[in-house]
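# Results of the structural survey
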Amino acid sequence: MADSLEPARLELEGVTVGYDEEPVLCDITLQIPHGAQVAVVGPNGAGKSTLFRALVGLVPLRQGRILIHGRPLGSHQDCVAYVPQREEIDWRFPVTVADVVMMGRYGRLGWFRRPRAADRRVVQRCLKLLGIEDIADRPIGELSGGQQQRVFLARALAQEPHVLLMDEPFTGVDVATQEAMLSVLEGLRTEGVTVLVSTHDLSLAAKRFEQVILLNRRLIAYGKAAQVLTPEHIAELFRGQVLFLEGAVVFDQCCPPQERTRGIQR
Amino acid sequence: MIAWALEPLRYGFMQRGLLASLLVGILCAVVGCYIVLRSMAFLGDALAHAILPGIAVAYLLKVDLLIGALVAALLVALGIAAISHRGVIREDTAIGILFAAALSLGVALISRMKSYAVDLTHILFGHVLGVGVRDLWLIGALGAVVLLVIVLLFKEFLVVSFDPVLAATLRLPAGRLRLLLLVLLALTVVVSLQTVGVGLVAAMLVTPGATAYLLTHRLAPMMGLSAAIGAASAVAGLYFSYYGNVPSGPAIVLVATVFFLLAFAFSPKRGVFWAYLRRRGWRNRHGGPEGPCAGQGPLRS
């Protein structure tokens, strides 16, 4: 496929997305260079998930267009991999870790075909990369939160994507898993995979990602982390729910309980 | 014992009945795995009842009752998909509306036909001993088609059932695959009509699948085990029917329910019996079934 030689460049031109009357995302214009690693930061309900869902073609665009490799969405078969939030998965389904990771190969297999040795090798490699090869035969319902997140990142890697989208992957996982995932992302940088990670952890975004998108229904800022994360932008991002206290930024938000501890960022 | 087992088979109608039950038991059990996993038990029941007006109309028009049933089941399956397609009306609401409407229409039509009243219990609870050679062929052929489609599209159905978001990312035609699954379900329900009847098809779809779910943690073994449980229930149920003088449908379903209750209590990992013993501290002293998920809750409703 010729696409694999081109840079994984992601362009959004005036993208507006909305389910009903009021748009969730308004007039987003962005150009993400190939191989960039970008944190998408915004409060709850800012439209981070919706942005990702639009990027994989799950929600229709009301206006604008999305280009990957300069071509519109849908003309690529398996370019974009999406790691959903853990709440979206049915953990009672009877599949093992290896089964889930193998699903990442289905797009390349095509109709009626069974996985071959080459696919199994890719699955093994992805399992190893995330340190979950020894739980390959465990049913997914028996995993811890961190292990669950690793499985779905392994599946996304098995898709061999050009663009990787991760929706809140660091929410509710242990530190070891967070570091394991970040080091895998580090490795993807050399392969030129473009990575977008949504989070509302400002300090993580600032420390571990070279580029940051600030999103709250519309694009507030996009660029190098140090330039984007200014008090003005953050105030705008959280719309008056912030308080500046001698160098600390305190924002007040109605968060789910496990996220509330992250309310204070320096 | 052998004489006891062979005695019913002296009759041609029992041989045909046994074969029909076996085929239906396996078919329902395999298709039912998707019903169990996608929480669509209500849909199976709805499709079964939706068949009633089809049969009544076929009877009035003097065409084959199975054809009438098939057309009605497919119409309702498509109707449910059409009403819930836009997302304004939820799928379970659409099922509820069409299910009640079809059932009412069926009863209204049948109650107008005085001569038909006798056969109504056959439709509701099955009349496996009336299976003819031609019916057997039809059951076999349709069943083979359904199972073949499930084998061929195994991984596509797996993704669509487990993770619709991935299905969309992989550009699988999720809507069409779901519709195909509905059609397979409709065919299964129609084929099962003579063996277990309208009222009990849902049980044959759900019970073996739920039993197998308690005993395995992969889809393919779940389907195999479910088929085995379906087949065993069919055979044991038919003997129960013969010797106990019970209608075949209820007999088969009761046997399947016994299997389910045994698995529910004694499943190595999920059995409530072991969970009870663990709570009493029995395992600390004597050891017992292991596993981090032992004692996990029952199936999602």
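One can find the structure itself at the top, above this paragraph.
First things first, this report covers the structure right here in the doc. Everything quoted here is computed from the prediction, not taken from an experiment. (Residues numbered from 1 in each chain as written. Chains lettered and ligands numbered in written order. Predicted model: local features only at pLDDT ≥ 70, side-chain atom pairs only at ≥ 80, totals over all residues.)

On a plain count of helices and strands, chain A comes out with 10 helices and 13 strands. By residue count, 39% of the 266 residues in chain A fall in the buried class. Restricting to contacts in chain A with at least 6 residues of sequence separation, those with at least 24 account for 67%. (Helix = DSSP H or I, 4+ residues; strand = E, 2+ residues; numbered from the N terminus. Buried ≥ 20, exposed ≤ 12 C-beta atoms within 10 Å, placed from the backbone. Contact = placed C-beta atoms within 7 Å.)

Of regular secondary structure, chain B possesses 15 helices and zero strands. In terms of overall dimensions, chain B is globule-like: its C-alpha atoms have a radius of gyration of 20 Å, near the 19 Å expected for 301 residues. With respect to the three principal axes, the spread of C-alpha positions in chain B is 70 × 60 × 35 Å. In chain B, 69% of the contacts between residues at least 6 apart in sequence involve partners at least 24 apart. (Rg over C-alpha atoms; globule rule 2.2 N^0.38 Å.)

Two numbers describe a pair of packed helices, the interaxial angle and the distance between the axes. All names here are of chain B. The geometry of helix α3 (residues 41–61) relative to helix α10 (residues 174–196) is characterised by a closest axis approach of 10 Å and an angle of 55° between their N-to-C directions. Relative to α10, the element α3 lies oblique. Viewed along their axes, α3 and α10 form a crossing whose handedness is right-handed. Counted together, Gly44, Leu47, Ala48 and Ile51 of α3 and Leu185, Ala186, Val189, Val190 and Leu193 of α10 form the full contact between these two elements. (Axes fitted to C-alpha atoms, helices over the stretch in contact; angles between N-to-C directions. Parallel < 35°, antiparallel > 145°, perpendicular 65-115°, else oblique. Left-handed = near helix turned anticlockwise from the far one by under 90°.)

This next bit is on the interface of chain A and chain B. Frequently, the measure chosen for interface size is the accessible area removed from exposure when the parts meet. Of the residues lining the interface, 24 residues belong to chain A; the matching set on chain B comes to 22 residues. Sorting the residues of the side of chain A that touches chain B by element identifies β6 (80–83), α2 (97–103) and α3 (106–109) of chain A as the ones contributing at least two each. Considered class by class, the residues forming the side of chain A that touches chain B number 13 nonpolar, five polar and six charged. (Nonpolar A, V, L, I, M, F, W, Y, C, P; charged D, E, K, R; others polar.)

Another aspect to go through is the sheet that holds strand β9 (residues 211–216) of chain A. Residue and element names in this part refer to chain A. The strand order across the open sheet built from six strands is β6-β7-β8-β3-β9-β10, with neighbouring strands paired in mixed fashion. Pairing within the sheet leaves two strands with one partner each, and these edge strands are β6 and β10 (218–224). Recorded for the sheet is a direction-independent mean angle of 15° between the axes of neighbouring strands. Looking at chain direction, strand β3 (residues 37–41) and strand β8 (residues 194–199) are connected through five bridges and run parallel. Paired with Gln37 across the two strands is Val195, which belongs to β8. In the packing of helix α1 (residues 48–55) onto the sheet, contacts are made with β3, β6, β7 (163–167), β8 and β9, and the angle to β7 comes to roughly 150°. Across the sheet, helix α9 (residues 231–238) is in contact with β9 and β10; its angle to β10 comes to roughly 150°. (Pairing = 2+ DSSP bridges.)

All names here are of chain A. Counting buried positions along β7 gives five out of five residues, so the element sits mostly inside the fold. Alternating positions in β7 separate into two faces, Val163, Leu165 and Asp167 on one and Leu164 and Met166 on the other, with burial throughout. Note that β6 and β7 share four bridges and pair parallel. By the bridge assignment, Val80 is partnered in β7 with Val163. The parallel pair β7 and β8, bridged by helix α6 (residues 175–191), forms a crossover whose chirality is right-handed. (Right-handed = clockwise from strand over helix to strand, strands pointing away.)

Okay, the packing of helix α2 (residues 12–37) of chain B against α10 of chain B next. Residue and element names in this part refer to chain B. The geometry of α2 relative to α10 is characterised by a closest axis approach of 9 Å and an angle of 150° between their N-to-C directions. As judged from the angle between their axes, α2 and α10 are roughly antiparallel. Classified by chirality, the crossing of α10 by α2 is left-handed. Between α2 and α10, the residues in contact are Ala20, Ser21, Val24, Leu27, Cys28, Val31 and Tyr34 and Leu181, Leu184, Leu185, Thr188, Val191, Ser192, Gln194, Thr195 and Val196, respectively. Split into classes, the residues belonging to the contact of α2 with α10 amount to 11 nonpolar, five polar and no charged.

Next up on the list: helix α7 (residues 133–152) of chain B. Residues and elements named next belong to chain B. Spanning 20 residues, α7 covers 28 Å between terminal C-alpha atoms, matching the ideal 28 Å at 1.5 Å per step. Burial in α7 covers these residues: Leu138, Ile139, Gly143 and Val146. Buried residues of α7, viewed axially, fall in a sector of 120°; they line one side. Exposed residues pointing more than 90 degrees away from the buried face of α7 are listed as Val133, Arg134, Trp137, Ala141, Ala144, Val145, Leu148, Val151 and Leu152. Here the buried face of α7 lies against α2, α4 (65–85) and α10. (Expected span 1.5 Å × (residues − 1). Arc of directions from axis to C-beta.)

This part is about the nonpolar core. Val101 and Leu165 of chain A together with Leu47, Ile51, Ala73 and Val190 of chain B are the most contacted members of the largest nonpolar core, which has 167 residues in total. Among the elements that take part in this core, α2 of chain B stands out by supplying 15 residues, more than any other. Sequence-distant contacts of Ile51 of chain B, defined by excluding residues within four places in its chain, comprise Ala69, Ala72, Ala73, Val189, Val190, Leu193 and Val198 of chain B. (Core = buried A, V, L, I, M, F, W, Y, C linked by C-beta atoms within 7 Å.)

As a further point, take α4 of chain B. All names here are of chain B. Taking 1.5 Å of rise per residue, the 21 residues of α4 would be expected to cover 30 Å, and the 30 Å separating its terminal C-alpha atoms lies within 8% of that figure. Inspection of α4 places Leu66, Gly68, Ala69, Leu70, Ala72, Ala73, Val76, Ala77 and Ile80 among the buried residues, and these make up the whole buried set. On its buried face, α4 sits against α3, α5 (91–112), α7 and α10.

So, on to the environment of Leu219 of chain A. Residue and element names in this part refer to chain A. With respect to the helices and strands, the residue Leu219 is situated in strand β10. Expressed as a C-alpha distance, the spacing of Leu219 and Thr29, which sit 190 residues apart in the sequence, is 7.6 Å. The contacts of Leu219, once residues within four sequence positions are left out, are Ile28, Thr29, Leu30 and Ile213.

All names here are of chain B. In this fold, Ser39 is placed in the loop between α2 and α3. What makes Ser39 partly exposed here is the crowd of 13 C-beta atoms within 10 Å. Taking the C-alpha atoms as reference points, Ser39 and Val57, separated by 18 residues in sequence, lie 31 Å from one another.

Within the secondary structure layout, Val165 of chain B lies in helix α9 (residues 164–169). On the neighbour-count criterion, Val165 of chain B (20 C-beta atoms within 10 Å) is buried. A C-alpha to C-alpha distance of 45 Å links Val165 of chain B and Pro247 of chain B, two positions 82 residues apart in sequence. Setting aside residues no more than four positions away along its own chain, Val165 of chain B makes contact with Leu58, Tyr82, Pro84 and Glu88 of chain A.

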